[in-house]
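Examining the three-dimensional arrangement
Residues per chain are reported as follows:
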Amino acid sequence: MPQQARSLTAALSTAAEAPAAADAPALTTAETGETLDYRRLVERVDELARRLRGAGLERDDRVAIVLPNGPEFVELLLAVTTVGAAAAPLNPAYTAEEHRFYLADIAPKLLVLAEGKTPAAREALSGDSVLVELTPGRDRLELSASGRRLSATLPFEPAEPDDVALLLHTSGTTNRPKQVPLLHRNLVASALTVAECYQLTPADVSFCVMPLFHVHGLVASTLAPLVSGGSVLVARRLSPRRFWAQLADYGVTWLSAGPTLHHMLLDRGQGSAAPPSLRFARSCSSALSAELFERCESSYGGPMLEAYGMTEASHQMTSNPLPPGDRFIGSVGVATGTEIAIADAYGAFLPAGAVGEVCIRGPGVTPGYLSNEEANETSFFDGWFRTGDQGVLDGSGYLRLTGRIKELILRGGENISPLEIEATLLDHPAVGDAVAFGIPDAKYGEEVAAAVSLTASASESELVDFCRERLAAFKVPRAVHILAAIPRTPTGKVQRRRVAEAVSEG
């Protein structure tokens, strides 16, 4: 069987069986230093999987997981997927209404919560789902339902590569969230791609600072190190003030985060120095500004690598390479484990240098959205997936993103990328965050508008003038609104539609 065509369980077992790997640390808790080695991780996942089977979990069932970051999250998710069931992790910060939507959409057999936590998810539970509470134990995770401990065990047939391992939702920044099933073989292929791209070895220590309910933190920061025999440092609650000391204390060799989180870590750690063990840092999930790129390289003391990923691709699709490979500010790098092409609206591929829709295909790509034929018909063609992102490939295969197609501003027949407006505003010394969007206009169809949050004093007219000096007249925002904060998803993606709606209503 090809290396990629494996289940997560098989890939983890292979890593654990490598010479000297059994006693090597797999998961470490940042706050306590408590470590779970590969031998114990494999044993605990297997034992937990048997208890889940004893609780009635079967292949193709779904399990909603609402837990904070921590080793327990990883153990439980691996156990669920081991029996061929699909894990559906949800953001613990969701309101009851949001949980109600996602739980109705997922229809899980089990809803797993930390004991006594997450009242909003409890309130949202209905139907045939069983509430299971998880409590960390000394030697194993304890599970209980209706006040009774789940201790019965049953054997199981291990998951197959074509079983659904993860059931995630798109971010819903442009429309209703869609269900994305990711197969075991998709996740293994993506994790191996990340490991190969960054030359991960058993000596590497990843600091998982992203939420584990998102594909970025789960695949890049966790599964990739595990399938390569490395170690994952997991913080139960990320503390930007303790972060820099933890880098040194645990010999962290790399980390990955979204630009918003990198910005926060650097701001809170002014004057702190990264340890010599840190060999690179990675940014993904949203666009990395030139200013933040330079700050990261200076503060982390090593190469900053911007990558491009999305849920439908099991995360990474492109990345800037490690030295001595070339990396370019403003580019998300070259294809990694995927094929990348630029297509027009009719599916015809365009030459290098032409702007069009970014399309991908590869072993990490989902087989299709669940119960959404309309989305599948518009998003897939001839084995290719339309990302919805606009971009351009240069002659060397480096990809530069120019915007989301559905979020492009159409002003008087001119397509304007919000990213260009945002990058210009972020060059102003008083702007900490920025978002550009289109607003209805009787004359032009749409007009350019923007909103910013500030780190120093600046007026709206000053910011408009600043753009006027740097942008063509048709791209200059008609208005720049000053907000206390720019709404973003938990992974740092800007929510243009929410801002546009708030500005229009206001």
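Structure: above.
Here's what I pulled together on the structure shown here. Since we're looking at a predicted model, the values are computed, not measured.

**Focus on the overall build of the protein**
- A tally of regular secondary structure across the protein gives 14 helices and 27 strands.
- Taken over C-alpha atoms, the radius of gyration comes to 23 Å for the protein, in line with the 23 Å a tight globule of 506 residues would show.
- The buried share among the 506 residues of the protein stands at 57%.
- Here the analysis covers contacts within the protein between residues at least 6 apart in sequence; of these, 65% occur between residues at least 24 apart.

**Description of the packing of aromatic side chains**
- Evaluated as defined, the whole model comprises 14 aromatic pairs.
- Both rings, one in F207 and one in F243, keep their centres 5.5 Å apart while their planes meet at 20 degrees; by these two values the pair is stacked. Taken together, the positions of F207 in strand β11 (residues 205–208) and F243 in helix α8 (residues 240–249) put the pair 36 residues apart, joining distant regions of the chain.
- Overall, the relative accessible area of 0% leaves F243 in the buried class.
- Cluster of aromatic residues (ring-pair linked, three or more members): F207, F243, W244 and Y300.
- Its guanidinium or amino end placed over the ring of F466, R470 lies 3.6 Å from that ring's centre, counting from NZ or CZ.

**Some points on the sheet that holds strand β27 (residues 479–482)**
- Read across the sheet, 3 strands follow the order β25-β26-β27 without closing on themselves; strand pairing throughout is mixed. Only two strands of the sheet have a single partner each, and these edge strands are β25 (431–441) and β27. Adjacent strand axes in the sheet meet at a mean angle of 25 degrees when their direction is disregarded.
- Sheet topology places β25 next to strand β26 (residues 445–454); 10 bridges connect them, and they run antiparallel. Looking at the pairing, V435 lines up with A451 of β26.

**So, the sheet that holds β11**
- Taken in spatial order, the 9 strands make up an open sheet running β2-β1-β12-β11-β13-β14-β15-β16-β17, and their pairing is mixed. Unpaired on one side and paired on the other, β2 (35–37) and β17 (334–335) mark the two borders of the sheet.
- Helix α9 (residues 259–268) contacts β13 (254–257), β14 (280–283) and β15 (304–310) of the sheet and is inclined by roughly 120 degrees relative to β13.
- Helix α10 (residues 290–300) contacts β13, β14 and β15 of the sheet and is inclined by roughly 125 degrees relative to β15.

**Quick look at helix α7 (residues 215–227)**
- Helix length check: α7 (13 residues) gives 16 Å between terminal C-alpha atoms against 18 Å at 1.5 Å per residue, more than 12% under.
- Among the 13 residues in α7, 13 count as buried, and that is most of the element.
- Two residues or fewer after α7 comes G229, characterised by a positive phi angle close to 80 degrees.

**Observations regarding the side chain of S228**
- In this fold, S228 is placed in the loop between α7 and β12 (231–234).
- Ignoring sequence-local partners within four residues, the contact set of S228 consists of A195, L200, T201 and P202.

**Let's talk about the nonpolar core**
- Judged by nonpolar contacts, the single largest core of 86 residues is most densely connected at Y38, L52, I65, L76, L166, Y198 and I360.
- Residues contacting L166, with those up to four places away along its chain left out, are L77, A87, P89, V180, P181, L182, L187 and L218.
- Ranked by size, the runner-up nonpolar core spans 25 residues in total, among them M210, V252, L278 and Y300.

**Focus on unusual backbone geometry**
- Going from P323 to P324, the amide bond is cis rather than trans, its omega being 10 degrees.
- When you line up the elements, P324 lands in the loop between β16 (315–319) and β17.
- Of note in this structure, Q199 is not a glycine but carries a positive phi near 55 degrees.
- Within the element layout of this structure, Q199 appears in the loop between α6 (184–197) and β11.
- Backbone geometry at D382 places phi at a positive 50 degrees, although glycine is not the residue there.
- Inspection of the secondary structure assignment puts D382 in the loop between β20 (380–381) and β21 (384–393).

What counts and how
Residues numbered from 1 in each chain as written. Predicted model: local features only at pLDDT ≥ 70, side-chain atom pairs only at ≥ 80, totals over all residues. Heavy atoms only, no water. Helix = DSSP H or I, 4+ residues; strand = E, 2+ residues; numbered from the N terminus. Rg over C-alpha atoms; globule rule 2.2 N^0.38 Å. Buried < 20%, exposed > 50% of the residue type's maximum accessible area, 1.4 Å probe, protein only. Contact = heavy atoms within 4.5 Å. Phe/Tyr/Trp six-rings, centres within 6.5 Å; stacked < 30°, edge-to-face > 60°. Lys NZ or Arg CZ within 6 Å of the ring centre and 35° of its normal. Pairing = 2+ DSSP bridges. Axes fitted to C-alpha atoms, helices over the stretch in contact; angles between N-to-C directions. Expected span 1.5 Å × (residues − 1). Core = buried A, V, L, I, M, F, W, Y, C linked by side-chain atoms within 4.5 Å.

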